[in-house]
Amino acid sequence: MIVYRKIEDIVTRMQDDKTGGVPIRTVKSFLSKIPSVVTGSDIVQWLMKNLSIEDAGEAIHLGSLIAAQGYVFPISDHVLSLKDDGTFYRFQAPYFWPSNCWEPENTDYAIYLCKRTMQNKARLELADYEAENLARLQRAFARKWEFIFMQAEAQVKIDRKKDKTERKILDSQERAFWDVHRPVPGCVNTTEMDIRKCRRMKNPQKVKKSVYGVTEESQPQSPVHLPSQPVRKTTKEDFRKQITFLNMQIERHCLKMSKVAESKEPSQQRVKRWGFSMDEVLKDPVGRDQFLRFLESEFSSENLRFWLAVQDLKKRPLQDVTTRVEEIWQEFLAPGAQSAINLDSHSYEKTSQNVKDPGRYTYEDAQEHIYKLMKSDSYARFLRSNAYQDLLLAKKKPENEQGRRTSLEKFTRSVGKSLASKRLTGLMQSS
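Quantities reported herein were computed from a predicted structural model and do not represent experimental measurements.

Participant: If you had to explain the packing of helix H16 (residues 318-333) against helix H17 (residues 345-356) to someone new, which residues and values would you point to?
Facilitator: Axis separation between H16 and H17 bottoms out at 11 Å; the angle between their running directions is 150°. Relative to H17, the element H16 is oriented roughly antiparallel. Of the two elements, H16 crosses H17, and the hand of that crossing is left-handed. Packed against H16, whose contacting residues are Val-325, Trp-329 and Leu-333, the element H17 presents Tyr-348, Thr-351, Ser-352 and Val-355 at the interface. Taken together, the residues of the contact of H16 with H17 break down into 5 nonpolar, 2 polar and no charged.

Participant: For the pattern of salt bridges, give the residues involved together with the corresponding values.
Facilitator: The tally for this structure, following the rule as stated, stands at 21 salt bridges. A salt bridge links Arg-116 to Glu-130, with the nearest nitrogen and oxygen atoms 2.9 Å apart. Taken as a pair, Arg-116 in helix H4 (residues 106-118) and Glu-130 in helix H6 (residues 128-140) lie far apart in primary sequence, 14 residues in all. Like Arg-116, the residue Glu-130 is buried in the burial classification. A salt bridge links Glu-280 to Lys-283; its shortest N-O distance comes to 3.5 Å.

Participant: Give me the lowdown on the packing of aromatic side chains, citing residues and values where you can.
Facilitator: Two aromatic rings are characterised by how far apart their centres lie and by the angle between their planes. What the rule picks out here adds up to 14 aromatic pairs. Ring plane angle 40° and centroid distance 5.0 Å describe the contact between Tyr-109 and Trp-178, whose orientation is recorded as tilted. One end of the pair, Tyr-109, is in helix H4; the other, Trp-178, is in helix H8 (residues 164-181), and 69 residues separate them in sequence. Take Tyr-109 and Trp-178: they sit in the same class, and that class is buried. Geometry around Tyr-109 places Arg-182 over its ring, the cationic atom sitting 5.5 Å from the centre.

Rules of the game
- Residues numbered from 1 in each chain as written.
- Predicted model: local features only at pLDDT ≥ 70, side-chain atom pairs only at ≥ 80, totals over all residues.
- Heavy atoms only, no water.
- Axes fitted to C-alpha atoms, helices over the stretch in contact; angles between N-to-C directions.
- Helix = DSSP H or I, 4+ residues; strand = E, 2+ residues; numbered from the N terminus.
- Parallel < 35°, antiparallel > 145°, perpendicular 65-115°, else oblique.
- Left-handed = near helix turned anticlockwise from the far one by under 90°.
- Contact = heavy atoms within 4.5 Å.
- Nonpolar A, V, L, I, M, F, W, Y, C, P; charged D, E, K, R; others polar.
- Salt bridge = Lys/Arg side-chain N within 4 Å of Asp/Glu carboxyl O.
- Buried < 20%, exposed > 50% of the residue type's maximum accessible area, 1.4 Å probe, protein only.
- Phe/Tyr/Trp six-rings, centres within 6.5 Å; stacked < 30°, edge-to-face > 60°.
- Lys NZ or Arg CZ within 6 Å of the ring centre and 35° of its normal.

Laid out in structure tokens, this is it:
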């Protein structure tokens, strides 16, 4: 909660025009206007100026942490990170801030998705993973789906009475809220609570997990009947133990991936998405694994391993960056490296200069060159490979068999019912 308050103080100062906040403006597009947006470069410059940050990479990292909590979001995609360029961002409404401490339920998500199907389909069309979630929720809430539909319909009627510009801003803010709490497959979920950590609390209570992974605490008995315990003063040793415990928690990887991304068997729609672009493959953990296996079969896996190492470098703590930069250099770029990658002379010279002053973005040019190399060569061969084609065919075949089996079961049930009804009629007539 203290972290949220500090972030909210920064965000509030960003939006304050009187104290020199980030310029919020309306941008004219070809046939429309984009209201209340800021650019990523403006946010980075403001952070460097007002928080006394000298390194631009550190400001980008801080801005990405703020964006990951949903306080700032891009209007063009669902990846909650900050870029130091002309990408347009919008500030989240205070109602949706994480400090309000309310965890949305599945019924809220079902109402939101149902409402999206009733609105402007060109602008608010459901993505593949959202359509899958809507179908799953419709099966789960079959008994009260009529109530959910009526709620969504009532909200749509209220939204239509609002101004077009206001409605456009609210739609984007609501969508960004669900990008935090129900993220795109492959994105990090920063709001999910770990049930195992709740059980390791100093004074554990009964903890049960709801449908969405939300922890609910309940006391086994009334506080009146609890035995009184003597109050002990906190000593320096207690503080030292608590600090050690908190440091251990910080060092652990506490963020969990989206539940959809954790499934080992990808759906057919998920496999098809890999064919849209290489970004779809790299976003999906299963897609990355399949792509890496293909590259290993072609003895060119060092390109993807280098790209992933640089991505990991951008998320490392600042004190570990220098060591990690040297490790990447020795593994991929140093003379006689074990997994040497193929760089052009310009990228190699620029990277060699950047290594002298190591930072999170030391290998940015080399990573971009390797990305283009994989996109133009390896990715196209991956889509034509037997491994990818087998995944597509393997997902189509069981669905067809399941469809035939379902139709056969329906036919068998209908025949059984008709025979049973005839038999019952004969028994009644005989009696």
